[in-house]
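# Summary of the model geometry
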Amino acid sequence: DGGITQSPKYLFRKEGQNVTLSCEQNLNHDAMYWYRQDPGQGLRLIYYSQIVNDFQKGDIAEGYSVSREKKESFPLTVTSAQKNPTAFYLCASSITGTFYEQYFGPGTRLTVT
Amino acid sequence: ILNVEQSPQSLHVQEGDSTNFTCSFPSSNFYALHWYRWETAKSPEALFVMTLNGDEKKKGRISATLNTKEGYSYLYIKGSQPEDSATYLCAFTRQGSKLTFGKGITLSVRP
């Protein structure tokens, strides 16, 4: 079955620790995205990548880092510099270009205490 | 930052009622408008991607219209069913830009 997987579903970390969220897709999509959802807000773009070894900052990239070494994988690291890391994180992929629908993973809920 | 507004924020309807939602977006340099359905404990799924002014798309009991000149899209659900309960997201993009999502509309359909 083609799709996007994110792991883990729930993640707990202590303040000051970096944490990496996994995102894998087998849809052969070039573009991948990371979004963050907070209560009462729309999905906000953190980082996106349109091709392997290339990525761009979204609207709220501060305190986050990404890599795109393989087409299938786009891990997101939430660093200790992110002031409010507790949130729900969604990964998505698509054919390159916003003309095309995005396919979303199930999300990871990160809680930092 | 582009503003994408969705209204109402939430809606409670009875099974069998028809309902509609509005998505408003900047009308300049329009490229595409997306609608997604996000059911609880599932991933958001695309309903429609619309690009042409006057476009109308349909999927079963759900349809959407697009007015790019005035900057709005309507999503209609005919004869709502409990399984239609979900959050409906719209997202707007200009060419060469990224998707900007609205806050979503939460629909609850009572049996």
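Everything in this summary refers to the structure shown in the same document. (Residues numbered from 1 in each chain as written. Chains lettered and ligands numbered in written order. Predicted model: local features only at pLDDT ≥ 70, side-chain atom pairs only at ≥ 80, totals over all residues. Heavy atoms only, no water.)

### Here we look at the interface of chain B and chain A
We apply this condition: Note on contacts: a residue pair is in contact if any heavy atoms of the two residues lie within 4.5 Å. Two parts placed together each lose some accessible area under a 1.4 Å probe, and the buried area is that loss summed for both. A side-chain nitrogen of Lys or Arg and a carboxyl oxygen of Asp or Glu constitute a salt bridge if their distance falls within 4 Å. Polar contacts here mean pairs of N or O atoms no more than 3.5 Å apart (in protein, one a potential hydrogen donor and the other a potential acceptor; neighbouring residues in sequence count only if both atoms are side-chain atoms). Per the convention used, a helix needs a DSSP run of H or I reaching at least four residues, while a strand needs a run of E reaching at least two, with both numbered from the N terminus. Each residue is assigned to one class: nonpolar for Ala, Val, Leu, Ile, Met, Phe, Trp, Tyr, Cys and Pro, charged for Asp, Glu, Lys and Arg, and polar for all the others, Gly among them.
At the interface, 19 residues of chain B touch 19 residues of chain A. Where chain B abuts chain A, roughly 1600 Å² becomes buried across the two surfaces, and 65% of that area is made up of carbon and sulfur atoms. When the buried area of chain B at its contact with chain A is split by residue, B:Trp38, B:Lys98 and B:Phe101 rank highest and sum to 32% of it. Across the chain B-chain A interface, the total number found is one salt bridge. Of the charged contacts, one joins B:Lys98 and A:Asp59 as a salt bridge, the two residues approaching to 3.3 Å between their closest N and O atoms. Between the two partners, chain B and chain A, sit four residue pairs in polar contact (both at pLDDT 80 or more). At the level of secondary structure, the elements contributing two or more residues to the side of chain B that touches chain A comprise β4 (30–38), β5 (45–50) and β9 (86–94) of chain B. Ranked by the residues each element gives to the side of chain B that touches chain A, the list is headed by β4(B), at five residues. Split by residue class, the side of chain B that touches chain A holds ten nonpolar, six polar and three charged.

### Quick word on the packing of aromatic side chains
Rule in force here: The pairing test for Phe, Tyr and Trp rings, Trp by its six-membered ring, is centres within 6.5 Å, and the orientation test on the planes gives stacked under 30 degrees, edge-to-face over 60, and tilted for anything in between. Working definition: with a 1.4 Å probe on protein chains only, accessible area under 20% of the residue-type maximum means buried, over 50% means exposed, and in between means partly exposed.
In the structure shown here, the tally under the stated rule is 16 aromatic pairs over all chains. With centroids separated by 5.3 Å and ring planes inclined at 85°, the aromatic side chains of A:Tyr35 and B:Phe101 adopt a geometry described as edge-to-face. Of this pair, A:Tyr35 sits in strand β4 (residues 31–37) while B:Phe101 is found in strand β10 (residues 100–101), placing the two residues in two different chains. For the residue pair A:Tyr35 and B:Phe101, the accessibility class agrees, reading buried in each case.

Geometric descriptors of this kind do not, in isolation, establish any biological role.
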